[in-house]
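A structural walkthrough
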Amino acid sequence: MAVSKDHVKKLAELSRIELTETELEKMQEDIENILAYVDVVQKIELSDSDNQSPHLDVVNVFREDEDPYEADAFTDELLAQAPSRDGRFVTVKKILG
Amino acid sequence: MDELTTYSAGELARGYREKKFSAVEVTEAYLKKIDKENSALNIYLEAFSDAVASAKKADELFQTSPESTHPLTGVPIATKDNILIKGKTASAASKILENHTATYDATVVERLKGANAVFLGRTNMDEFAMGSSTENSAFGPTKHPIDPTRSPGGSSGGSAASVAAHLAPIALGTDTGGSVRQPASICGVYGFKPTYGGISRYGLVAMGSSLDQLGVLARKVDDIETVFDTVRGLDKNDSTTLPARPAPNTHKRIGVPRSFVKDAQPDAVAEFERALNTMASQGYDIVDIDLPTAPHALAAYYIIMPAEVSTNLARYDGMRYGLHVEGESLLQDYTLSRTKGFGAETRRRVVLGTHVLSSGYADAYYKRAIALRAALVKEFDAVFENVSFVATPTAPGPAFKLGEKLDPLSLYLEDIFTVSANLTGDPALSVPYGTVEKDGVLLPVGIQFMSPKNSEKALFAIARDLMNENKN
């Protein structure tokens, strides 16, 4: 299936990935080749398989909301991994203007 | 000293109890061997210097309260770099997590710590477990221990190579489309993927959550079973884990989808047939089966997996953990961090996943792939009403040269025989049965057995029959 360069550029933008012109061309070629391979899923005859789930035996698992841990029990350890923090907060750039 | 690194986990457990050697001696022998051999093979990304302290604790336990020891007490284990061990780096072989320290233990790690096993180091892998050659690691490829010009397979290539090269008696890996079984086949060791939900995924770096399973690599079936029995079962932190259920009844009938198997390389097929002959002489009944959907499983997989990858990897935003690259706006922070942090294959799968899930394409790709997955599940369920096992070669051939499969699709085809078990959720085991010659070098090839959900014990039994290993 043909995929336009603009479409691939849009996909990369949505994925928050920046591609150079050369990378974009290579990505377009790779995506086209992979889509040509997986295209068989559209052609294969499947009997009454519409709306089917692959795992009909699967059920939702619930648990009681119990044994809460103390507030801040993990805060410091987790925040230590953040590239930038201010006390109990992760700092990011301004979102609303 | 090197003799200590030849023992299986079971032999180590006996040796410790018979006081032939100590866990400290064994651990030091491994660390010494890793120090000597790792730079040439790039199997470990890091060996843990505190392994000796854990081994010392195990030795003390043998002295003070031998009744509280476990078969894995003092046994060194290598772990793939996408399995979290609190306080250790867990990078998933990605630049984006290069400096990420795990803030908690994966459930499997917690259970192995409870057994006083010794964590030896973290092994190299394809970035985020995406690949079949370990060449997608941000930290350079791992080399095959038998022929360093070849790939050990992947994505658990470091784990498979560590066991094959006697740099660990057992290793943990993860298997999303064959990432434990294919490198196991290529390196000549056992590679096991349990039933989906058989082992907790809590604390593994997620790739395709409906497909991912933790797996085990070892040189003996007993060792695989011991690790499985130690880490399996319900976990409140992973609601997809299954309770232990009675295993289904099994008999000695093996189904072989021959029209599918013929896609493997001729010498690999010959070794596969030789394995079947051995099984027949052991009283197994070999029957032809038809799995018309199985050859298309890989196509469905390359839609479902990237779809799940693109959503799972959205969490890497450079804000909460991992690499952060400073830009001029919030959007630029995201984009620069991800662009600098992700390698080529990771980017490819994120972009592909974004495509197959996007409006106007989701019906044509994602929904059709899910329907094909449902058809595959039905097909396997029907087959398992008549046979207890389905056998195929594990991989299409033996180890290939590093750099030989640069085209993404040719590498994807390495998983043609293994992805079905991930899509259906059935357990599977690669058994190191055969060898084929390439350029004058004898290279291992494995045979894969799949079986119905929760019938792992039957897989261990059939492997013992094929390899003449006795259960201890």
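In this text, all values refer to a predicted model and were calculated from it rather than measured experimentally.

1. Here's the deal with the overall build of chain A
Helix and strand counts for chain A stand at four helices and two strands. Secondary structure elements of chain A occur, N-terminal to C-terminal, as α-α-α-α-β-β. Taking 2.2 N^0.38 as the reference for a compact globule, 97 residues should give roughly 13 Å; the C-alpha atoms of chain A span a radius of gyration of 23 Å, well beyond that estimate. The principal-axis extent of the C-alpha atoms belonging to chain A is close to 55 × 45 × 25 Å. The buried share of chain A, reckoned over its 97 residues, is 27%. Contacts in chain A between residues at least 24 apart in sequence constitute 30% of all its contacts with a sequence separation of at least 6. Counting every atom, chain A has about 7400 Å² of accessible surface; 51% of that belongs to carbon and sulfur.

2. Concerning the confidence of the model for chain A
In low-pLDDT regions, the fine details of the predicted coordinates are not to be read closely. Here chain A shows a mean pLDDT of 89. Residues at 70 or above account for 93%. Confidence scores differ between elements of chain A, with helix α3 (residues 40–43) of chain A showing the lowest mean pLDDT of 90 and helix α1 (residues 5–14) of chain A the highest of 97.

3. Some words on the environment of V3 of chain A
Of note, V3 of chain A is situated in the segment before α1. Remark: the alpha-carbon pair of V3 of chain A and E29 of chain A, spanning 26 residues in sequence, is separated by 8.6 Å.

4. Focus on a nonpolar patch on the surface
Nonpolar side chains collect at one region of the surface, where Y69, F74 and L78 of chain A lie side by side and expose about 350 Å² of accessible area between them. Within the element layout of this structure, L78 of chain A appears in helix α4 (residues 75–79).

5. So, the packing of helix α9 (residues 266–281) of chain B against helix α16 (residues 456–467) of chain B
Residue and element names in this part refer to chain B. Look at α9 against α16: their axes get within 9 Å of each other, and the N-to-C directions meet at 95°. Here α9 is positioned roughly perpendicular relative to α16, judged by the angle of their axes. For the pair formed by α9 and α16, the contact residues are A275, T278 and M279 on the first element and I462, D465 and L466 on the second.

6. Regarding helix α5 (residues 157–164) of chain B
A turn of α-helix holds 3.6 residues, and therefore any two residues three or four places apart point the same way. Residues and elements named next belong to chain B. Of all eight residues in α5, seven are buried, a share of seventy percent or more. All of the buried residues along α5 are G157, G158, S159, A160, A161, S162 and V163. In the segment just after α5, H166 is the residue with positive phi, at about 60°.

7. Thoughts on the side chain of R150 of chain B
Residues and elements named next belong to chain B. Tracing the sequence through the fold places R150 in the loop between β3 (118–123) and α5. On the basis of relative accessible area, R150 is assigned to the buried category, the value being 4%. Here the side chain of R150 touches A399 through a polar contact of 2.9 Å, landing on its backbone oxygen. Leave out the neighbours within four places in its chain, and R150 touches T142, K143, H144, A399, F400, K401, L402, K438, D439 and L443.

8. Some points on the pattern of salt bridges
Under the counting rule described, the total for this entry stands at 39 salt bridges over all chains. A salt bridge links D76 of chain A to R85 of chain A; the shortest N-O distance between them is 2.9 Å. Of the residues examined, R85 of chain A reaches a relative accessible area of 35% and is grouped as partly exposed. Several salt bridges share partner residues, and in doing so they unite D222, E225, D229, K457, R464 and K471 of chain B into one network.

9. Quick look at a negative patch on the surface
Residues E64, D65, E66 and D67 of chain A make up a contiguous surface patch of negative charge. Here E66 of chain A shows up in the loop between α3 and α4.

10. Let's talk about the pairing of strand β4 (residues 170–175) of chain B
All names here are of chain B. Counting buried positions over the six residues of β4 gives six, a clear majority of the element. What you see with β4 is no split at all: I170, L172 and T174 on one side and A171, G173 and D175 on the other are buried throughout. Relative to β4, strand β2 (residues 76–80) runs parallel, the two being bridged by three bridges. Paired with I77 across the two strands is I170, which belongs to β4. Alignment of β4 against strand β6 (residues 213–218), held across six bridges, turns out to be antiparallel. Each bridged residue has a counterpart across the sheet, and for A171 the counterpart in β6 is L217.

11. Some points on the sheet that holds β6 of chain B
Residues and elements named next belong to chain B. A sheet is described by the order of its strands in space; here 11 strands give the open sequence β1-β3-β2-β4-β6-β5-β10-β11-β9-β7-β8, paired in mixed fashion. Strands at the two margins of the open sheet, each flanked by one partner only, are β1 (44–47) and β8 (285–288). With direction set aside, neighbouring strand axes in the sheet form an average angle of 30°. Sheet topology places strand β10 (residues 428–438) next to strand β11 (residues 441–450); nine bridges connect them, and they run antiparallel. Across the sheet, the residue bridging to T435 is P444, located in β11. Against the sheet, helix α2 (residues 23–41) engages β1, β2 and β3, with an angle of about 15° to β3. Sheet strands touched by α9: β7 (253–256), β8, β9 (389–393), β10 and β11. Its angle to β10, the strand with the most contacts, is close to 125°.

12. What to know about unusual backbone geometry
All names here are of chain B. The omega torsion across G154 and S155 is 10°, close enough to zero to call that bond cis. With respect to the helices, strands and loops of the structure, S155 is situated in the loop between β3 and α5. Phi at T134 is positive, roughly 65°, even though this residue is not glycine. In this structure, T134 sits in the loop between β3 and α5.

Reading the values: the criteria
Residues numbered from 1 in each chain as written. Chains lettered and ligands numbered in written order. Predicted model: local features only at pLDDT ≥ 70, side-chain atom pairs only at ≥ 80, totals over all residues. Heavy atoms only, no water. Helix = DSSP H or I, 4+ residues; strand = E, 2+ residues; numbered from the N terminus. Rg over C-alpha atoms; globule rule 2.2 N^0.38 Å. Buried < 20%, exposed > 50% of the residue type's maximum accessible area, 1.4 Å probe, protein only. Contact = heavy atoms within 4.5 Å. Areas by Shrake-Rupley, 256 points an atom, 1.4 Å probe, with all protein chains shown as cover. pLDDT = per-residue confidence, 0-100. Patch = residues over 30% accessible without salt bridge, like charges linked within 9 Å, V, L, I, M, F, W, Y side chains within 5 Å. Salt bridge = Lys/Arg side-chain N within 4 Å of Asp/Glu carboxyl O. Axes fitted to C-alpha atoms, helices over the stretch in contact; angles between N-to-C directions. Parallel < 35°, antiparallel > 145°, perpendicular 65-115°, else oblique. Polar contact = N/O pair within 3.5 Å; in protein donor to acceptor, adjacent residues only side chain to side chain. Lys, Arg positive; Asp, Glu negative; His and termini not counted. Charge placed at Lys NZ, Arg CZ, Asp CG, Glu CD. Pairing = 2+ DSSP bridges.

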